[in-house]
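# Close look at the chain arrangement
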Amino acid sequence: MFVREVCEGLMFELLVVGFLIILNGIFALSELAVVSARKARLEMLADRGIAGAHAGKFLSTVQIGITLVGIVAGAFSGATLGARMSEFLLNVGVRADISDIGGYVLVIAIITYLSVIIGELVPKHLALKNPERIACFIARPMNILSRVAAPAVWALDASTRGVFKLLGISTASESAITDEEILTIVAEAGNTGVIEEAERSMISGVIRLGDRTVRAVMTPRTEVEMVDIDEDGVSLKRKLISANHSCLPAFEGDRDNVIGVIMLRDMIEPMLASSLVVIRDHVRHAPVVPDTLDALAALKVLRDSDVPMALVHDEYGHFEGLLTPADILDAIAGAFASDEDQAEPEALRRESVAARWYCEAGRWVLAACRLDAGR
């Protein structure tokens, strides 16, 4: 009869401790969900009308709950369950010196195991799976609890700010995520097959683009094809025909004195119509950017420009090179192989074909002039 009463009392106390452990698990779930929830995703959920997404912070309330539950569970299990277990062991035939210590050791082992599994690991793993949804779900009851425990929450927050102030540390939260963390996430996504390797490389290139200057991505002046506006017509035609680019910078006198750029498509018609072409009339204005400007800011300059090119100058105003959309693309996706880099180029320009094209175009222009003169 006595053993039965002891067992019934022990079961009741175990239920109380089990309830406290489950309550601790709820608080642990809430704590990790709040800490892990991303602000941007919470704002997105709030825009979609998800309840709880606008809820305020309740981390202090959760900490109070975890601390109180831990203290109560420890005191209750040590003062009550330990004695009950020792008494139970003594009545089932265990020696008194062993039952006194064994009861407390057995209770501590069981409570610790259940607290770690049910009160910590399982809730925290659940919180990490979808922290934003869980934070929204538990926000309302935790906010109600925050209002009930408002004085204690205020005292804890004030004390925390006071300690930080004494240590000379700011309580303002720093950025939740850094470039390195983004690159780590992208690398993990690439390793697990969520994104392709090429996508991973380009995402990394975009992130690094903001940290690179124009000098790091531009085409240096030693590799730039340029046109002298004082060049004679025959030499100019020859240079434009053999040009590898559709947009060329034009200089006057000195190569440092770049006055703008010319577009090859603007030069075809006047060169076919007349042997005397005033190249200055076809020069377009190109924006000038310093070589220390970051590449993302330079990309905005290129988007706003009338020509797909920017002139890069150093701090003394000397011409250092060119920046084009192709340079930005190379920085993001990697350099593209040029004809000079290929052992077997995909296409060859044959001079006879180019000459035939210009002759045919010249004959059409001449015929049109004769028809116009006949009228």
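Quick caveat, the model's predicted, so the values are computed rather than measured.

### A word on the pairing of strand 3 (residues 247-252)
Counted residue by residue, strand 3 has five buried out of six residues, so it is predominantly covered. The pairing of strand 2 (residues 227-228) with strand 3 spans two bridges and is parallel. Of the residues in strand 3, the one forming a bridge with Asp-228 is Phe-251. With six bridges joining them, strand 3 and strand 4 (residues 254-263) adopt antiparallel strand pairing.

### What to know about the pattern of salt bridges
Evaluated as defined, the whole model comprises five salt bridges. Linking Lys-124 and Glu-120 is a salt bridge whose minimum nitrogen-to-oxygen distance equals 2.9 Å. Placement of both Lys-124 and Glu-120 in helix 4 (residues 96-129) is noted, with a separation of four residues, approximately one turn of the helix. For Asp-256, the salt bridge identified is with Arg-221, shortest N-O distance 2.6 Å. One end of the pair, Asp-256, is in strand 4; the other, Arg-221, is in the loop between strand 1 (219-220) and strand 2, and 35 residues separate them in sequence. By relative accessible area, Arg-221 is classed as partly exposed at 27%. Here the salt bridges share partners, and the residues they tie into one network are Arg-215, Asp-291 and Glu-320.

### Some details on the confidence of the model for the protein chain
Confidence in the prediction of the protein chain, expressed as mean pLDDT, is 75, and 78% of residues score 70 or more. Mean pLDDT per element in the protein chain: helix 14 (residues 351-374) is the minimum at 47, and strand 5 (residues 288-290) is the maximum at 91. Confidence drops under pLDDT 50 across residues 339-346; counting only partners more than four residues distant or on other chains, this segment forms one contact. Taken together, the stretch residues 364-375 has pLDDT below 50 and engages in two contacts with residues farther than four places along the chain or on a different chain.

### Overview of the environment of Ser-86
Within the fold, Ser-86 resides in helix 3 (residues 59-91). The class of Ser-86 is buried, set by a relative accessible area of 6%. Taking C-alpha positions, Ser-86 is 7.3 Å from Ile-101, a pair spaced 15 residues apart along the chain. In contact with Ser-86, other than residues within four places in its own chain, are Ser-99, Asp-100, Gly-103 and Tyr-104.

### As for a nonpolar patch on the surface
There is a patch of nonpolar side chains on the surface, built from Ile-22, Ile-26, Tyr-113, Val-116, Ile-117, Ile-118, Leu-121, Val-122 and Leu-126 and spanning about 770 Å² of accessible area. Counting residues per element, the ones that place at least two in the nonpolar patch are helix 1 (2-36) and helix 4. Residue placement: Val-122 occurs in helix 4.

### Side note on the sheet that holds strand 1
In spatial order, the strands read 1-7-6-5; together these four strands make up an open sheet with mixed pairing. Two strands lie at the open edges of the sheet, namely strand 1 and strand 5, each paired on one side alone. Pairing of strand 1 with strand 7 (residues 319-323) involves two bridges; the strand directions are antiparallel. Residue pairing for strand 7: Pro-220 is matched across the bridge by Gly-321.

### Things to note about the side chain of Glu-320
Position of Glu-320 relative to the elements: it lies in strand 7. For Glu-320, a relative accessible area of 19% translates into the label buried. At 3.4 Å, the side chain of Glu-320 and the side chain of Arg-215 are in polar contact. Non-local contacts of Glu-320, meaning those with residues more than four positions away in its chain, are made with Arg-215, Met-218, Thr-219, Pro-220, Arg-221, Val-312, His-313 and Asp-314.

Procedures and definitions
- Residues numbered from 1 in each chain as written.
- Predicted model: local features only at pLDDT ≥ 70, side-chain atom pairs only at ≥ 80, totals over all residues.
- Heavy atoms only, no water.
- Buried < 20%, exposed > 50% of the residue type's maximum accessible area, 1.4 Å probe, protein only.
- Helix = DSSP H or I, 4+ residues; strand = E, 2+ residues; numbered from the N terminus.
- Pairing = 2+ DSSP bridges.
- Salt bridge = Lys/Arg side-chain N within 4 Å of Asp/Glu carboxyl O.
- pLDDT = per-residue confidence, 0-100.
- Contact = heavy atoms within 4.5 Å.
- Patch = residues over 30% accessible without salt bridge, like charges linked within 9 Å, V, L, I, M, F, W, Y side chains within 5 Å.
- Areas by Shrake-Rupley, 256 points an atom, 1.4 Å probe, with all protein chains shown as cover.
- Polar contact = N/O pair within 3.5 Å; in protein donor to acceptor, adjacent residues only side chain to side chain.

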